[in-house]
Amino acid sequence: MLCLCLLASCAGSNTTENETASGDIRVDGDTLTVTPNSATASKLATTKAVSEMHEMTISTTGEVTAIPTAYAEVAAPFAGRITKSLVHIGQSVSVGTPLFELYSADYSEVVKNYLQSVSQLEVAKSAYNRIKDLHANKVASAKELEEAQMAYNRELEEYRHAMAVAKEYQIDLKHAEVGQPMIVRSPIAGKVLSNDLVMGEYVKEDADAKVVVADLRKVWVKVNVTEMEAPLMNSVEEVSVRLVSDPDSSFSGRITYMGGMLDPETRTMQTIIECDNSKGRMLPNMYAKISLKTTGRNCIIVPKKAVLQGDGSRYVLRKIGENKYLRTKVQAQTADEDRLIITDGLSIDDEIVTEGAFLMIDSK
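Everything in this summary refers to the structure shown in the same document. (Residues numbered from 1 in each chain as written. Predicted model: local features only at pLDDT ≥ 70, side-chain atom pairs only at ≥ 80, totals over all residues. Heavy atoms only, no water.)

Observations regarding the sheet that holds strand β8 (residues 80-85)
The strands making up a sheet associate through backbone hydrogen bonding, with each pair oriented either parallel or antiparallel. Counted only if it meets this: Between any two strands, pairing holds if DSSP finds at least two bridges. Numbering of helices and strands starts at the N terminus; helices are DSSP runs of H or I of at least 4 residues and strands are runs of E of at least 2.
The 4 strands are arranged β11-β10-β8-β13 in an open sheet whose pairing can be described as antiparallel. Taken across any chain shown, the strands that pair with only one partner, and hence form the sheet edges, are β11 (182-185) and β13 (202-203). Across 4 bridges, β8 lies against strand β10 (residues 98-103) in antiparallel orientation. Counted as the bridge partner of I82 is L102 from β10.

Concerning the nonpolar core
What counts, and what does not: Think of a nonpolar core as a cluster: buried Ala, Val, Leu, Ile, Met, Phe, Trp, Tyr and Cys residues, connected wherever their side-chain atoms sit within 4.5 Å. With a 1.4 Å probe rolled over the protein chains alone, any residue whose accessible area is under 20% of its type maximum counts as buried; one over 50% counts as exposed, and the rest are partly exposed. Throughout, a contact is declared for two residues whenever any of their heavy atoms are within 4.5 Å.
Membership of the largest hydrophobic core comes to 37 residues, with the highest contact counts inside it found for V74, F100, L102, Y107, I171 and V211. Broken down by element, this core gets its largest block of residues, 8 residues, from helix α3 (residues 105-136). Excluding its chain neighbours within four sequence positions, the residues that come into contact with I171 are Y107, V110, V111, A166, A176 and M182.

Some details on α3
We count it as follows: Helices are assigned an expected span. That span is 1.5 Å times one less than the residue count. Throughout this description, a polar contact denotes any pair of N or O atoms lying within 3.5 Å of each other; where both atoms belong to protein, one of them has to be capable of donating a hydrogen while the other can accept it, and for residues adjacent in sequence the pair is counted only when both atoms sit in side chains.
A rise of 1.5 Å per residue sets the reference length of α3, with its 32 residues, at 46 Å; its end C-alpha atoms lie 46 Å apart and thus fit the reference within 8%. Y107, S108, V110, V111, Y114, S117, L121, A124, Y128 and I131 are the residues of α3 that are buried. On the buried face of α3, the contacting elements are α4 (142-168) and β11. Its side-chain oxygen at 3.2 Å from the backbone nitrogen of D106, S104 defines the N-terminal cap of α3.

Quick look at the side chain of D215
With respect to the helices, strands and loops of the structure, D215 is situated in the loop between β14 (211-214) and β15 (218-226). Relative accessible area serves as the criterion here: at 17%, D215 is assigned to the buried category. At a separation of 2.7 Å, a polar atom in the side chain of D215 contacts the side chain of R217. In contact with D215, other than residues within four places in its own chain, are A70, A189 and G190.

In structure tokens form, the structure reads like this:
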């Protein structure tokens, strides 16, 4: 009995710690050896990795939005009462087109301050010019000239400030009069999309917008692409957009912006597509389906069933000898329904298992 135990012990010592035997497969770390002529060996098939030209199409969804620089929500700049609406929904307007009238004491105060600053500046300028002439003729002193110049500079600063405030509120300085209603004007050219003006309504200066103007001849479609698709955005050569509400519609577009970072929660990158909308069929907040076709490139493409998942990463079984295979980690992107593009981990002519790989998933 003692001899038999010693023999068994010696036999066991011929197998290393990280090497185990499991049916038809022997595992040594990441190396798998399949028993020749076994049932498993008969079900395995291998193929050499080759490079082929591939045009990838990325499909995603997005939402139509107005271009921010061509969209304006116009609110009352001062607290006051709306006395007249000057536009209607669908009307085309230009920059500076009157939208509505607002009677406001605050507006009158701004106009008053501006007109006073103009008058006081003229008085200070005349006084300064008069003292300057007197000083040139040895009648006024240098101190009087300095005081007149300082007074003029102060009034000039007051005037500039009053003018800046008036321009901020788009006040027509040539026709501004104290006690007259303010005419609120459009800051952009476009069409009136909404008009919530109510005659006689008193509005506060922080009230919501009353008129929305937008130029929708061009629009944006905002989409979010996945972390794996983000690197491909630089090679997109064709963009096609179809409205969900009108599947037969088709719009070409171009990528005008790609986010510089991923959203940490969704792991996606925002991408903006600009589309021609001269026919007005795309409206803000519509949903769309987008196809992004990339430039053709040479890629190593393998069947999806050749790529296995384990320990948080993907791998293939690469043949390294007769009936020997090595678990090799790879990076992959979707090529189509049945194939994957291998972006890292494989080289051309590497021979990998393409049939029966799943039989070795549990081999450890």
